[in-house]
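Residues per chain are reported as follows:
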Amino acid sequence: MEILNYAFMQRALIAALIVGVTAPAIGIYLVQRRQALMGDGIGHVALTGVGLGFLLNTSPIWVATAVAIAGSVVMELIRWYGKTRGDLALAMLFYGGMAGGVMLMNLSDAGSNANLGTYLFGSITTVSPQDMTTIYVLAALVLAITIGLRRQLFAVCQDEEFARVTGLPVRLLNLLVAVTAAVTVTVAMRVVGLLLVSALMVIPVAAAQQISRSFAVTFSVAVAIGVAVTLTGTTTSYYVDVPSGATIVLFAIGLFVLFTGLAAPLAKKRARAAAEASKGCTLEVPGDRTVADDVGVTG
């Protein structure tokens, strides 16, 4: 294939594959916690890290990772203690992160609107060998947590009270989910961009939920969808010359619509199967039964 003859496209496809796995892997826990837009908020905060990286003339990805992790910790603290003012505090954090990133980018000598656009909307063809090393390390951390601690994370995201009763460190695990989401955002920002990364965390999971009720199956299907849309979107963006991030997200939405259309027939099939199974378990009273057949219990 022609696309594999270029080193930058080889890196782009590998990065897309990694993001296709990691984003749904953490996204399934965010969806379970009803925090589907958390990735979007972290993306706003991470932009400050990108701008700071350019201002300090250092790696924007590593600085963005540190800032995103700090932002995710603050978001969790607001969720725990914010109460009625929590939404307002989160809104200021998100908008402040975006404004801070734009300001720092413009104050730096190396920053420009073009650089800002590559991080906001993704520019997968500009992924460098140094970026790949960072992506490998961060992706390995994300997968180690999301797969190695899947039982504990599922228990906390499904029912915090039950998890607390069983002795799990609920707050620590919640914080770990938030930090892992922050790391995933910085892994994916060169592929789909900070403004679209939340979509890649949520849409594959939502699509998988249309045809599956099991956590394990939903996890596997969501990752498969993530890999499919990132690789397909990256390849399409090369041949059609369109933005990779937007292409990937549109493919993900298309699969969600397709899976939603398949969900209704599958639900009817399951209902018919359940009805047939219930018929087989029905007990019928013989017509020739008499009172003498009753079993009495005497004290």
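Please explain the side chain of T186 as it appears in this structure.
For T186, the location among the structural elements is in helix α9 (residues 170-188). On the basis of relative accessible area, T186 is assigned to the buried category, the value being 1%. Ignoring any residue separated from it by four or fewer positions in sequence, one finds T186 in contact with I61, A64, T65, A68 and L138.

Sorry if this is basic, but what is going on with the side chain of T146 here?
Mapped onto the secondary structure, T146 falls in helix α6 (residues 129-148). Those residues in contact with T146 that lie beyond four places of it in its chain are A25, I26, Y29, L153 and T180.

For this particular structure, what's the right way to read the nonpolar core?
The tendency in soluble globular proteins is for nonpolar side chains to be buried as a group. Residues Y29, I42, V50 and M201 are the most contacted members of the largest nonpolar core, which totals 78 residues. The biggest single contributor to this core is helix α1 (residues 7-32), with 14 residues. Apart from the residues within four sequence positions on either side, Y29 is in contact with T146, R150, L153, F154, C157, V177, F215 and F219.

Sorry if this is basic, but what is going on with a nonpolar patch on the surface here?
There is a patch of nonpolar side chains on the surface, built from I14, W62, Y136 and V137 and spanning about 370 Å² of accessible area. The topology assignment puts W62 in helix α3 (residues 60-81). Look at W62 and you get partly exposed, because its relative accessible area is 39%.

Honestly, the environment of S108 in this entry has me stumped. Any pointers?
Its location among the elements puts S108 in the loop between α4 (86-107) and α5 (113-121). For the pair S108 and N57, spaced 51 residues apart in the sequence, the C-alpha separation amounts to 8.2 Å. Those residues in contact with S108 that lie beyond four places of it in its chain are F54 and L55.

Can you help me understand the pattern of salt bridges in this one?
Oppositely charged side chains may form a pair once their charged atoms are brought near each other. Within this structure, the stated rule accounts for two salt bridges. A salt bridge links E161 to R164; the shortest N-O distance between them is 3.2 Å. Residue E161 and its partner R164 are both found in helix α8 (residues 160-165); the two are separated by three residues, about one turn of the helix.

Help me out: how do you make sense of the confidence of the model for the chain in this one?
Detailed reading of predicted coordinates is not advised where the pLDDT is low. When the pLDDT values of the chain are averaged, the result is 82; 85% of them are 70 or greater. Across the chain, the element-wise mean pLDDT spans from 71 in α5 up to 91 in helix α11 (residues 215-240).

Conventions we followed
Counting starts from 1 at the beginning of each chain's written sequence and moves along it residue by residue. A pLDDT threshold of at least 70 governs which residues receive local features in this predicted model, and a stricter bar of 80 or more applies before side-chain atom pairs are shown or counted, although totals over entire chains, interfaces and linings include all residues. Excluding hydrogens and water, the side-chain values take into account all heavy atoms of the structure. The secondary structure listing takes helices from DSSP runs of H or I that are at least 4 residues long and strands from runs of E that are at least 2 residues long, numbered from the N terminus. Residue exposure (1.4 Å probe, protein chains only): buried if accessible area is under 20% of the type maximum, exposed if over 50%, otherwise partly exposed. Residues are treated as being in contact if the distance between any of their heavy atoms lies within 4.5 Å. Buried residues of nine kinds, namely Ala, Val, Leu, Ile, Met, Phe, Trp, Tyr and Cys, make up a nonpolar core once their side-chain atoms join them within 4.5 Å. Patch rule: a residue counts if its relative accessible area is over 30% and it has no salt bridge; like charges are joined within 9 Å, and nonpolar side chains (Val, Leu, Ile, Met, Phe, Trp, Tyr) within 5 Å. Here, Shrake-Rupley sampling with a 1.4 Å probe gives the accessible areas, and only protein chains in the shown set may cover a residue. Salt-bridge detection follows one rule: a side-chain nitrogen of Lys or Arg within 4 Å of a carboxyl oxygen of Asp or Glu. As a per-residue measure, pLDDT tells how confident the predictor is, with possible values from 0 to 100.

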